[in-house]
Amino acid sequence: MSMIKVENLTFSYPSSYDNIFENVSFQIDTDWKLGFVGRNGRGKTTFLNLLLGKYEYVGKIISSVEFDYFPYQIDDKNRLTRDILWEICPFAQEWELLRELSYLEVDPEVLWRIFETLSKGEQTKILLAAMFLNEGRFLLIDEPTNHLDVKAREMVSAYLKRKKGFILVSHDRRFLDGCVDHILSLNRADIQVQSGNFSSWLTNFERQQAFESTQNEKLKKDINRLQAAARRSALWAERTERSKMGNGPCDRGYIGHKAAKMMKKSKAAEARLSRSVEEKSKLMKNVETAESLKLFPLEHHAEILVSFKDVSACYDGNAVCGPVSFTVRRGERIALDGRNGSGKSSLLKLITGENQDYTGNISTASGLVISYVPQDTAHLKGKLSDFAQENNIDESLFKAILRKMDFDRVQFEKDMRDFSEGQKKKVLIAKSLCDKAHLYVWDEPLNFIDIYSRMQIEGLLTDFLPTIIFVEHDGFFRDRIATKTVHL
């Protein structure tokens, strides 16, 4: 057991005027399993890179262990998987690697396949298994769930629970609850460490925010009262002092004493006011607000909006799913469930009318207006204002939604290629929220999206109850939103 100590860490990028971290201090045990949570774009990956020594910074990071980063960078993926894994963990025994793969239910046969031919989920599992075989290393795991289906997430979470000594960046609440024993939270003003899983941390964080909010309101009232009292005392003291002059014979000593007493009261009120202002300044630094979002669904006259009958999506003449039959009725919120590669995204694309081969019959209601959030964000580039114009959406509304989803105004002038993956996904969701549609088709909308925004989107969908069909592997989100699940 040893400690990783961060002392007075301050860092900003050369092109930025604002510090991403400022005088941050904390320490963690190298045996802990830490979940790392925080808003998109707040600096989680940056902090991992600081631990890896990639950037210069002010302050100290003291550690007796070396760090490894997941996802592992592979230069040539057209090699045998076995050769790549031995490159990662050269001192591991083969039986140890086979044991780790068995924990993750990975067929040992994959070792003799070209790495590029493996599914993204298989790649994630075997890379994690190999990296945990490097003894004496502390693993920095950056969003491993984005290519994992629901069952794979449960399996990897259970696998991580068996391990120790890692920081895990993830926005999947159920995944975090299943495998971590501490939370490292990247807040607005600092980084804090707390024992427990994500749910216990969130409960404590919300209680702290509620307490600080109550204290803040109380101090605001005290400050207003003290300011008024200080003004009154100062005014009385000044009037009393002036009364010594020009009022004929009077006891000037008594009046001066009285004025001094009033002034003393004024100074005391000012001192109490100063203390209250200072106390108030310490509150609400880490408050996380999530304003309610709005949606503008259209009402369609038909009861059934989309109907699938014995449909199979096809690639190169081969069926990748089905045949599947189901209907999308007005007001339903349907989750498509299935392993990676089972055809979920293909079915969503068929609904949107994308040119793709399939067998069976698909019918859509006449005049159906669809809003689509694709899984891929690679096409996003240029300014937000140009994106709004190209998609015929109200730019003011679009940017107002992004502000509610924790975008800073400075982001509005940046090229979208420079956005974090979570910010790119928020752009696509904000665009969809601007659309007036009968049916919303969302393909893994929460990939890379921070926890606060996930809860914000959950609130939106439960408040407005649009007709939606979606693919999402966040089990907590799916359980709360879906009225029906279609299994592939």
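Residues numbered from 1 in each chain as written. Predicted model: local features only at pLDDT ≥ 70, side-chain atom pairs only at ≥ 80, totals over all residues. Heavy atoms only, no water.

K.L.:
Lay out the overall build of the protein chain in plain terms, naming residues and giving numbers.
P.N.:
From N to C terminus, the protein chain includes 14 helices and 18 strands. When burial is assessed residue by residue, the protein chain has 49% of its 488 residues classed as buried. A separation of at least 24 residues holds for 72% of the contacts in the protein chain among residues at least 6 apart in sequence. Carbon and sulfur atoms provide 47% of the accessible area of the protein chain, an area that totals close to 24,300 Å². (Helix = DSSP H or I, 4+ residues; strand = E, 2+ residues; numbered from the N terminus. Buried < 20%, exposed > 50% of the residue type's maximum accessible area, 1.4 Å probe, protein only. Contact = heavy atoms within 4.5 Å. Areas by Shrake-Rupley, 256 points an atom, 1.4 Å probe, with all protein chains shown as cover.)

K.L.:
Lay out the environment of Phe296 with the relevant residues and their values.
P.N.:
As for its placement among the helices and strands, Phe296 is situated in the loop between α8 (252–281) and β10 (304–315). Here Phe296 falls in the partly exposed class, since its relative accessible area comes to 31%. With sequence-adjacent residues up to four places away left out, Phe296 is seen in contact with Leu397, Leu433, Asp435, Lys436, Ala437 and Tyr440.

K.L.:
Residue-level account of the sheet that holds strand β2 (residues 21–29), with values.
P.N.:
Reading across the sheet, the 3 strands line up as β2-β1-β4 and stay open at both edges, with antiparallel pairing between neighbours. Here the strands that pair on one side only, and so sit at the sheet edges, are β2 and β4 (58–63). Adjacent strand axes in the sheet meet at a mean angle of 10° when their direction is disregarded. Bridge analysis of strand β1 (residues 3–11) against β2 gives 6 bridges, and the strand direction is antiparallel. The partner of Leu9 across the bridge, within β2, is Val24. (Pairing = 2+ DSSP bridges. Axes fitted to C-alpha atoms, helices over the stretch in contact; angles between N-to-C directions.)

K.L.:
Help me get a handle on the pattern of salt bridges, residues and values and all.
P.N.:
Once their charged atoms are close, side chains differing in charge can pair, the charge on each being opposite to the other. Taken as a whole, this structure holds 25 salt bridges when the rule is applied. Residue Glu421 is joined to Lys424 by a salt bridge in which the shortest nitrogen-to-oxygen separation is 3.6 Å. With Glu421 and Lys424 both in helix α12 (residues 421–434) and 3 residues apart, this pair spans about one turn of that helix. Judged by relative accessible area, Glu421 falls into the partly exposed class, the value being 32%. Overlapping salt bridges, with partners in common, bring together Arg39, Arg42, Asp406, Lys426 and Asp450 in one network. (Salt bridge = Lys/Arg side-chain N within 4 Å of Asp/Glu carboxyl O.)

K.L.:
Mind laying out the side chain of Thr145, listing which residues take part and the relevant values?
P.N.:
Relative to the helices and strands, Thr145 is located in the loop between β6 (137–142) and α5 (150–161). Sequence-distant contacts of Thr145, defined by excluding residues within four places in its chain, comprise Arg153, Ser170 and Phe175.

K.L.:
Could you give an account of the nonpolar core, with specific residues and numbers?
P.N.:
Ile141, Leu160 and Leu168 are the most contacted members of the largest nonpolar core, which totals 44 residues. Sorting elements by how many residues they give to this core places helix α4 (residues 120–131) first, with 6 residues. Core analysis: the next-biggest nonpolar cluster, separate from the first, contains 35 residues, Val373, Leu402, Ala430 and Ile457 among them. (Core = buried A, V, L, I, M, F, W, Y, C linked by side-chain atoms within 4.5 Å.)

K.L.:
An account of the packing of helix α11 (residues 395–404) against α12 is requested, with residue identities and associated values reported.
P.N.:
As a packed pair, α11 and α12 sit with axes 9 Å apart at the nearest point and diverge in direction by 130°. Here α12 runs oblique to α11, going by the angle between their axes. Handedness of the α11/α12 crossing: right-handed. Residues Leu397, Phe398, Ile401 and Leu402 of α11 lie in contact with α12, whose contacting residues are Lys426, Val427, Ala430, Lys431, Leu433 and Cys434. Its residues placed into classes, the contact of α11 with α12 shows 8 nonpolar, no polar and 2 charged. (Parallel < 35°, antiparallel > 145°, perpendicular 65-115°, else oblique. Left-handed = near helix turned anticlockwise from the far one by under 90°. Nonpolar A, V, L, I, M, F, W, Y, C, P; charged D, E, K, R; others polar.)

K.L.:
Pulling in residues and values, what's your account of unusual backbone geometry?
P.N.:
Phe70 connects to Pro71 through a cis peptide bond whose omega is 15°. Structurally, the position occupied by Pro71 is in the loop between β5 (66–70) and α2 (81–88). Positive phi values are uncommon outside glycine, yet Asn23 reaches one of about 50°. Tracing the sequence through the fold places Asn23 in strand β2. Residue Asn23 is classed as exposed on the basis of its relative accessible area, which comes to 52%. With a phi close to 55°, Asn392 is a non-glycine residue in the positive phi region. Summarising the element assignment, Asn392 is placed in the loop between α10 (384–390) and α11.

K.L.:
Tell me about the sheet that holds strand β7 (residues 166–169), and please be specific about residues and values.
P.N.:
Where strands meet in a sheet, backbone hydrogen bonds hold them as pairs that are either parallel or antiparallel. Read across the open sheet, the 6 strands follow the order β5-β6-β7-β3-β8-β9; overall the sheet is mixed. Of all strands in the sheet, those bounded by a partner on one side alone are β5 and β9 (191–195). Sheet twist, expressed as the mean angle between neighbouring strand axes with direction ignored, is 20°. Sitting on the sheet, α4 is in contact with β5 and β6, with an inclination near 175° to β5.

K.L.:
Go over α5 with me, naming the residues and quoting the values.
P.N.:
Each α-helix winds once per 3.6 residues, and so residues spaced three or four apart point in a common direction. For α5, spanning 12 residues, the distance from its first C-alpha to its last is 17 Å, which sits close to the expected 16 Å at 1.5 Å a residue. Every buried residue of α5 is listed here: Val150, Ala152, Arg153, Met155, Val156, Ser157, Tyr159 and Leu160. At the N-terminal boundary of α5, the capping side chain belongs to Asp149, with an oxygen 3.2 Å from the backbone nitrogen of Lys151. (Expected span 1.5 Å × (residues − 1). Polar contact = N/O pair within 3.5 Å; in protein donor to acceptor, adjacent residues only side chain to side chain.)

K.L.:
Tell me about α11, and name the residues and values.
P.N.:
Along α11, the residues that are buried comprise Phe398, Lys399, Ile401 and Leu402. Down the axis of α11, the buried set is contained in an arc of 155°. They therefore lie on one face. In this structure, the buried residues of α11 make contact with α10 and α12. The N-cap of α11, judged by a side-chain oxygen 2.9 Å from the amide nitrogen of Ser396 a few residues on, is Asp394. Backbone geometry just downstream of α11 places Asp406 in the positive-phi region, at approximately 75°. (Arc of directions from axis to C-beta.)

K.L.:
Could you give me a rundown of the side chain of Thr124, with the residues and numbers involved?
P.N.:
Looking at where Thr124 falls in the secondary structure, it is placed in helix α4. For Thr124, the residues in contact, after removing those within four places along its chain, are Phe70, Pro144 and Leu148.

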